[in-house]
Amino acid sequence: MWKFLHQLASPPHFYRIAPKFVPWLAVPGLLLVAYGTYAGLFLAPIDYQQKDAFRIIYIHVPSAYLSMMTYMIMAVSAAVGLIWRIKLSHAVAAAAAPLGAWFTFLALATGSIWGRPMWGTWWEWGDPRLTSELIMLFVYFGYMALRAAIDDTTKADKASAVLALVGAVNVPIIHYSVVWWSSLHQGATVAKGAMDTDMLVPLLINIAGFTLVFGALLLRRVRTEVLFRERRTRWVKDLVLSAEGRG
Amino acid sequence: MDKISMGGYGVYVWSCFALAVVVLVICDWRARLRQRRVYRDIEVRIKALGDHE
């Protein structure tokens, strides 16, 4: 196990093996998303209060979950990179940030679209869940801007890792905001088991599908990040020259 | 037709699903674009070094 992890942390080894995992994540992920979406739109019964508008959760919940999970991946990778100085960890953090920002945007946009018919407003500034999720989007932007502003990769890794760790405080705030404060946003539904099985199963399928698709996208982005960081090394030169030779 | 209008909520529901497709396509497209750019930059750099030598 340790030998496998040690090998995986080696940039050339990771670059070689990552593409083998991508189809195993992307294909089942897309199939699950396709079926979960179909079941959520056409098979799940209508909610007695929200009517058909509740079907937005089949996009909103997976994207909101991924926005937080991606942040945790980013923060843990940043911490591992800072403590053990594993180069691949910083590459993972850097590659995860844009994906996290996109899923946070999707969670905010779909939440806002759902809020219009349900709450009568697109946005409510006083709501802690909405505001803390928006802060997370700004933290993602700040992380990416900080990385882009520093040319030296090592310095950029360290500075952005500190920001990622500080910003991790926001994750439990988002999660527990509906418990700690009065919020328009509904409380935990899935964890409490308050959903009907016919509604819950498509949601769980979509969460699993989105996670697998995210995994495939992250692997591809990390691979590119590794290539960029190692662009001056011998193995990258050999890789490009051998590819040209074959072409 | 009823499945499309969804009792007046169709525009909200369908726009969310369309937005999700757009976001996933953009994520995939940007990942491919960056991969191509990084690879091409390395090729150009190696070629320039080769010419210089």
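See the structure printed just above.
Treat the numbers as computed from the prediction; the structure is a model and nothing was measured. (Residues numbered from 1 in each chain as written. Chains lettered and ligands numbered in written order. Predicted model: local features only at pLDDT ≥ 70, side-chain atom pairs only at ≥ 80, totals over all residues.)

J.: Looking at this model, I keep getting lost on the overall build of chain B. Mind explaining?
T.: Across its full length, chain B carries two helices and zero strands. For a compact globule of 53 residues, the expected C-alpha radius of gyration is about 10 Å, and chain B comes in at 22 Å, more than 25% above that figure. Projected onto the principal axes, the alpha-carbon positions of chain B cover approximately 70 × 15 × 10 Å. (Helix = DSSP H or I, 4+ residues; strand = E, 2+ residues; numbered from the N terminus. Rg over C-alpha atoms; globule rule 2.2 N^0.38 Å.)

J.: Would you explain the interface of chain B and chain A in this entry?
T.: Accessible area lost on assembly of the parts is the figure often given for the size of an interface. Opposite the 24 residues of chain B that make contact, chain A presents 29 residues. Here the element with the most residues in the side of chain B that touches chain A is helix α2 (residues 10-52) of chain B; it accounts for 20 residues. Partitioned by chemical class, the residues of the side of chain B that touches chain A number 17 nonpolar, three polar and four charged. (Contact = placed C-beta atoms within 7 Å. Nonpolar A, V, L, I, M, F, W, Y, C, P; charged D, E, K, R; others polar.)

J.: Where do I start with the nonpolar core in this structure?
T.: One recurring pattern in soluble globular proteins is that nonpolar side chains are buried together. All names here are of chain A. I56, M74, A93 and A96 are the most contacted members of the largest nonpolar core, which totals 66 residues. For this core, the leading source of residues is helix α4 (residues 87-119), giving 17 residues. For A96, the contacting residues outside a window of four places in its chain are T70, I73, M74, S77 and L218. (Core = buried A, V, L, I, M, F, W, Y, C linked by C-beta atoms within 7 Å. Buried ≥ 20, exposed ≤ 12 C-beta atoms within 10 Å, placed from the backbone.)

J.: When you look at unusual backbone geometry in this model, what are you seeing that I'm missing?
T.: Working note: non-glycine residues mostly have negative phi, and peptide bonds are mostly trans. Positive phi, normally seen in glycine, also occurs at A:R85, with a value near 55°. According to the C-beta neighbour criterion, A:R85 is exposed, with 12 such atoms within 10 Å. Positive phi, normally seen in glycine, also occurs at B:M6, with a value near 50°. Positionally, B:M6 belongs in the loop between α1 (2-5) and α2.

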